[in-house]
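Secondary and tertiary structure notes
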Amino acid sequence: MLTVVIVNFAVSNTGDSLVFAHNQDCSIVDKVAGDAFTVKITFKNTGKAEGKWSINIAFEDSSWSQVGTPQNLTLTPGQTVTLVWEGVVPDNATVGSVARLVVYYDDSFKTLNWWIHVVPGAELSIKSSSVE
């Protein structure tokens, strides 16, 4: 499960302020290609009028990306809502790659301090050995 840090941004064309609040434990999450992940982000309208936004997320790296499904968000002043996205690290994601979480809203975007690090799916262990 992913959570993210408090970030403030204003949507200039509406005059309303939208804040997303998150746990402050941002980090890198290790996943194998094909693993599922969940992103939860809590948004708050800190403005004085009702605001409407189109929100989406993506994990982006130069070798792979995973885009969520857009969600529409309408908030009255002071209202808080948590949006959830489910995704899967692509099967062709390069081992060792690191993709960063980006939130897209209307015509803007904000990078967050969460990354998925693709790790090998296979692990070798030594079961026994002998020397004679």
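Calculation criteria
Residues numbered from 1 in each chain as written. Predicted model: local features only at pLDDT ≥ 70, side-chain atom pairs only at ≥ 80, totals over all residues. Heavy atoms only, no water. Helix = DSSP H or I, 4+ residues; strand = E, 2+ residues; numbered from the N terminus. Buried < 20%, exposed > 50% of the residue type's maximum accessible area, 1.4 Å probe, protein only. Core = buried A, V, L, I, M, F, W, Y, C linked by side-chain atoms within 4.5 Å. Lys, Arg positive; Asp, Glu negative; His and termini not counted. Salt bridge = Lys/Arg side-chain N within 4 Å of Asp/Glu carboxyl O. Contact = heavy atoms within 4.5 Å. Phe/Tyr/Trp six-rings, centres within 6.5 Å; stacked < 30°, edge-to-face > 60°.

With respect to the overall build of the protein
A count of helical and extended segments in the protein gives zero helices and ten strands. For the protein, the N- to C-terminal ordering of α and β elements is β-β-β-β-β-β-β-β-β-β. Per-residue burial over the protein gives 36% buried out of 132 residues.

Some remarks on the nonpolar core
Counting residues in each nonpolar core, the largest one holds 24 residues, and the members touching the most others are Val39, Ile41, Phe43, Ile55, Phe59, Trp64 and Trp85. Listing elements by their share of this core, those giving two or more residues are strand S4 (36-45), strand S5 (51-60), strand S7 (71-75), strand S8 (80-88), strand S9 (98-105) and strand S10 (108-119).

Section: the side chain of Lys31
Tracing the backbone shows Lys31 in strand S3 (residues 28-32). Despite its burial, Lys31 remains without a salt bridge, the nearest opposite charge being carried by Asp35 at 5.1 Å. Each residue touching Lys31, except ones within four places of it in the same chain, is listed here: Ala36, Phe37, Val89, Ile116, His117, Val118 and Val119.

A short note on the packing of aromatic side chains
Counted by the stated rule, this structure contains two aromatic pairs. Where Tyr104 meets Phe109, the ring centres are 6.0 Å apart and the plane angle is 40°; that geometry is what we call tilted.

Observations concerning the environment of Val103
In this structure, Val103 sits in strand S9. Residue classification places Val103 among the buried positions, given a relative accessible area of 0%. Separated by 44 residues in the primary sequence, Val103 and Phe59 place their C-alpha atoms 9.0 Å from one another.

As far as function goes, none of this settles anything; it's purely spatial.
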